[in-house]
Amino acid sequence: MYPQQRHPSLAFTGAIRRRSPDSLIPIDAPTQPRRYITPSVTSRKEIPSFFSVKRPHAPSDEEEDELTEEPPAANATDQEKIEWKRRQNTLAARRSRKRKLVYQQQLEASVDQLTRERDMWRNRAMTLKQLLLSHGIRFPEFQD
């Protein structure tokens, strides 16, 4: 009659469960072209000054070298530099989502393993409790 109450920790979080890293968009998939009817808010901004400053990029061990694109040439237009920067940001976001999903799956597997281990020890404790009771040996009570 009443709606089923759920514990707050089980509330919808917006995350899609039971997803595998393979179900995500591949890192090497093409990015969607921008098809604005009017210029986007970011496109109307002045060209940021950091595009003129050269910063060395040291790829991490986890990054796939074959997916790292070469930075635009020194004579590239500002628009090409912006597009390259957006592409790099898209690739970084994809790698981040994949790392997060793998980490979440590792945590879930750890929780499952620890839950099984806890249940095993609980069963052992109950078995020993019954054995002590059957032999008339007194023991301190413990919480389940």
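To keep things clear, this report deals only with the structure shown in the data block. Note that the structure is predicted; figures quoted are calculated from it, not measured. (Residues numbered from 1 in each chain as written. Predicted model: local features only at pLDDT ≥ 70, side-chain atom pairs only at ≥ 80, totals over all residues. Heavy atoms only, no water.)

## Overview of the overall build of the protein chain
Stated precisely, the cut-off is as follows: Each helix is a run of H or I in the DSSP string that is no shorter than four residues. Each strand is a run of E no shorter than two, and both are numbered from the N terminus. Calculation of accessible area relied on Shrake-Rupley with a 1.4 Å probe; when residues are assessed, cover is drawn exclusively from the protein chains displayed.
The helix and strand tally for the protein chain stands at 1 helix and 0 strands. Accessible area for the protein chain stands at about 13,100 Å²; split by element, carbon and sulfur atoms hold 55% of it.

## A word on the side chain of R87
Definition in use: Counted as a polar contact is a pair of N or O atoms within 3.5 Å, where, for protein atoms, one must be capable of donating a hydrogen and the other of accepting one, and residues adjacent in sequence contribute only when both atoms are in side chains.
Turning to its location among the elements, R87 is positioned in helix α1 (residues 78–134). Reaching out from R87, the side chain makes a polar contact with the backbone oxygen of A29 at a distance of 3.2 Å.

## Quick word on the pattern of salt bridges
Operational definition: A carboxyl oxygen of Asp or Glu within 4 Å of a side-chain nitrogen of Lys or Arg is what we treat as a salt bridge. Whether a residue is buried, partly exposed or exposed follows from its accessible area with a 1.4 Å probe, protein chains only, as a fraction of its type maximum: under 20%, in between, or over 50%, in that order.
Taken as a whole, this structure holds 2 salt bridges when the rule is applied. In this structure, D119 engages R118 in a salt bridge whose closest nitrogen and oxygen atoms are separated by 3.0 Å. Residue R118 is classed as partly exposed on the basis of its relative accessible area of 45%. Here D119 makes a salt bridge to R122, at a shortest N to O gap of 3.9 Å. In this pair, D119 and R122 both sit in helix α1, 3 residues apart, roughly one turn of the helix. A relative accessible area of 36% means that R122 is categorised as partly exposed. Each of R118, D119 and R122 takes part in salt bridges that share partners, so that together they form one network.

## Some thoughts on the environment of R99
Structurally, R99 is set in helix α1. Classification of R99 by relative accessible area gives partly exposed; the value is 44%. It is 8.4 Å that separates the C-alpha atoms of R99 and P21, two residues lying 78 residues apart in sequence.

## Concerning α1
Rules: Each residue after the first adds 1.5 Å to the expected span of a helix.
Taking 1.5 Å per residue as the helical rise, α1 with its 57 residues ought to reach 84 Å, and the 84 Å between its terminal C-alpha atoms agrees with that figure. Taken residue by residue, α1 has K81, I82, R87, Q88, L91, R94, R95, L101 and K129 as its buried positions.

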